[in-house]
Amino acid sequence: EVQLVESGGGLVQTGGSLRLSCAASGFTFDDYAVGWWRQAPGKERERIACTSVKDRETTYAGSVQGRFTISSDNAKNTVALQMNSLKPGDTAIYYCVAQLYCYDDIYPDYWGQGTQVTVSS
């Protein structure tokens, strides 16, 4: 059974930083791509970052490129998202996800419960 548990969300001022963490179980990073999606109020869920060990691929949404960094510890099955230079537009629920590939527009197969990130001006 695949399980994903996020932590690290909270309230931060514009320009600040947060680090999200995801503890994964029930699969290995050799078989799945892992990443982060988010959903802001009134918006559809969108892919923020994805990384695949098998495909040697790491991608970011244009809106976070240069500000967010995804990292993984394959031995511990953990995924992190370092978020710098945060903006109010980054306010959303952030989800850790796992899927077969880093698909462009296909929702992942597995989701964590989500963690709230709020950026105040």
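Please refer to the structure higher up on the page.
Calculation notes
Residues numbered from 1 in each chain as written. Predicted model: local features only at pLDDT ≥ 70, side-chain atom pairs only at ≥ 80, totals over all residues. Heavy atoms only, no water. Helix = DSSP H or I, 4+ residues; strand = E, 2+ residues; numbered from the N terminus. Rg over C-alpha atoms; globule rule 2.2 N^0.38 Å. Buried < 20%, exposed > 50% of the residue type's maximum accessible area, 1.4 Å probe, protein only. Contact = heavy atoms within 4.5 Å. Areas by Shrake-Rupley, 256 points an atom, 1.4 Å probe, with all protein chains shown as cover. Lys, Arg positive; Asp, Glu negative; His and termini not counted. Charge placed at Lys NZ, Arg CZ, Asp CG, Glu CD. Phe/Tyr/Trp six-rings, centres within 6.5 Å; stacked < 30°, edge-to-face > 60°. Disulfide = S-S within 2.5 Å. Pairing = 2+ DSSP bridges. Axes fitted to C-alpha atoms, helices over the stretch in contact; angles between N-to-C directions.

Engineer: What should I look at first to understand the overall build of the protein in this one?
Structural biologist: Helix and strand content of the protein: 0 helices and 11 strands. Across the protein, helices and strands are ordered from the amino to the carboxyl terminus as β-β-β-β-β-β-β-β-β-β-β. Relative to its length of 121 residues, the protein is compact, with a C-alpha radius of gyration of 13 Å against a globular reference of 14 Å. C-alpha atoms of the protein, sized along the principal axes, occupy 40 × 25 × 25 Å. Buried residues in the protein amount to 43% of all 121 residues. Residue pairs in contact within the protein that sit at least 24 positions apart in sequence constitute 58% of those at least 6 positions apart. As presented, the protein carries roughly 6,300 Å² of accessible surface, and 46% of it is formed by carbon and sulfur atoms. Taken together, the 10 basic and 13 acidic charged side chains of the protein have centroids lying 8 Å from each other.

Engineer: Is there a simple way to think about the packing of aromatic side chains in this case?
Structural biologist: Geometry of an aromatic ring pair is reported as the spacing of the ring centres plus the angle between the planes. This structure, assessed with the given rule, holds 8 aromatic pairs. Between W37 and W111 the ring centres are 5.7 Å apart and the planes differ by 70°, which places this aromatic pair in the edge-to-face class. Of this pair, W37 sits in strand β4 (residues 33-39) while W111 sits in strand β10 (residues 110-111), and the two are 74 residues apart along the sequence. A relative accessible area of 3% places W37 in the buried class.

Engineer: So what exactly am I meant to see when it comes to the state of the cysteines here?
Structural biologist: Simply put, the disulfide is a covalent bond whose two ends are the sulfur atoms of two cysteines. Going through the model one piece at a time under the given rule, you end up with 2 disulfides. The disulfide bridge from C22 ends at C96, spanning 2.1 Å between sulfur atoms. Torsion about the S-S bond of the C22 and C96 cystine: about -80°, corresponding to left-handed handedness. Residue C22 is located in strand β3 (residues 18-25), and its partner C96 is located in strand β9 (residues 92-99); the two are separated by 74 residues in the primary sequence. Considered together, C22 and C96 belong to a single accessibility category, that of buried residues.

Engineer: How do you make sense of the sheet that holds β3 when you look at a structure like this?
Structural biologist: Backbone hydrogen bonds are what pair the strands of a sheet, in a parallel or an antiparallel way. The 4 strands lie next to each other as β1-β3-β8-β7, forming an open sheet whose pairing is antiparallel. This sheet does not close on itself; its edge strands, each paired only once, are β1 (3-7) and β7 (68-73). Across this sheet, the average inter-strand angle for adjacent strands is 15°, counted without regard to direction. Judged from the 6 bridges that link them, β3 and strand β8 (residues 78-83) form a sheet pairing that is antiparallel. Note that in β8 the partner of L18 across the bridge is M83.

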